[in-house]
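So you can see what is in the structure, the chains are spelled out below.
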Amino acid sequence: FHIDQQARLQRAWERQQAKEEQAAQASEALMQPGVVTSFSTLAELDTLIDAAGTNLVVIFMYSKTCGVCKRTRSKFQELAATAHA
């Protein structure tokens, strides 16, 4: 029982470390205006929004298989880059 509990604590600690690292990376990405950041899970989205603090966050969701979405995503990235140029 003791070994099992120790293993669970180790996994919980590793998950927490990964979450903190992800939050730090998200903070770095959001510190740069006009940066487009991708996410693939709700947890990543929550981390990005939390890291943004009081900064504006624009969310654009798209499908990688949708042609219109691909063109719109490209335009969105162009606008983000020129907005703070």
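One can find the structure itself at the top, above this paragraph.
What you are looking at is a predicted structure, and each value in this text was computed from that prediction instead of being measured. (Residues numbered from 1 in each chain as written. Predicted model: local features only at pLDDT ≥ 70, side-chain atom pairs only at ≥ 80, totals over all residues. Heavy atoms only, no water.)

A few points about a nonpolar patch on the surface
Nonpolar side chains collect at one region of the surface, where Ile49, Val57, Ile59 and Met61 lie side by side and expose about 350 Å² of accessible area between them. Structurally, Met61 can be placed in the loop between α2 (42–52) and α3 (67–83). (Patch = residues over 30% accessible without salt bridge, like charges linked within 9 Å, V, L, I, M, F, W, Y side chains within 5 Å. Areas by Shrake-Rupley, 256 points an atom, 1.4 Å probe, with all protein chains shown as cover. Salt bridge = Lys/Arg side-chain N within 4 Å of Asp/Glu carboxyl O. Helix = DSSP H or I, 4+ residues; strand = E, 2+ residues; numbered from the N terminus.)

Notes on the environment of Glu78
Locating Glu78 in the fold gives a position in helix α3. Classification of Glu78 by relative accessible area gives partly exposed; the value is 46%. Along the backbone, Glu78 and Val36 are 42 residues apart, and their C-alpha atoms lie at a distance of 9.7 Å. (Buried < 20%, exposed > 50% of the residue type's maximum accessible area, 1.4 Å probe, protein only.)

Remarks on the packing of aromatic side chains
Going through the model one piece at a time under the given rule, you end up with two aromatic pairs. Taken together, a centroid distance of 5.8 Å and an interplanar angle of 15° make the contact between Phe60 and Tyr62 stacked. Taken together, the aromatic side chains of Phe60, Tyr62 and Phe76 make up a single cluster linked through ring pairs. (Phe/Tyr/Trp six-rings, centres within 6.5 Å; stacked < 30°, edge-to-face > 60°.)

Considerations on α2
Listed as buried for α2 are Leu45, Thr47, Leu48 and Ala52. Looking straight down α2, one finds that the buried residues subtend no more than 160° of arc, so they occupy a single side. Counted as exposed and oriented over 90 degrees from the buried face of α2: Leu42 and Asp50. Positive phi appears at Gly53, one or two residues downstream of α2, with a value of about 60°. (Arc of directions from axis to C-beta.)

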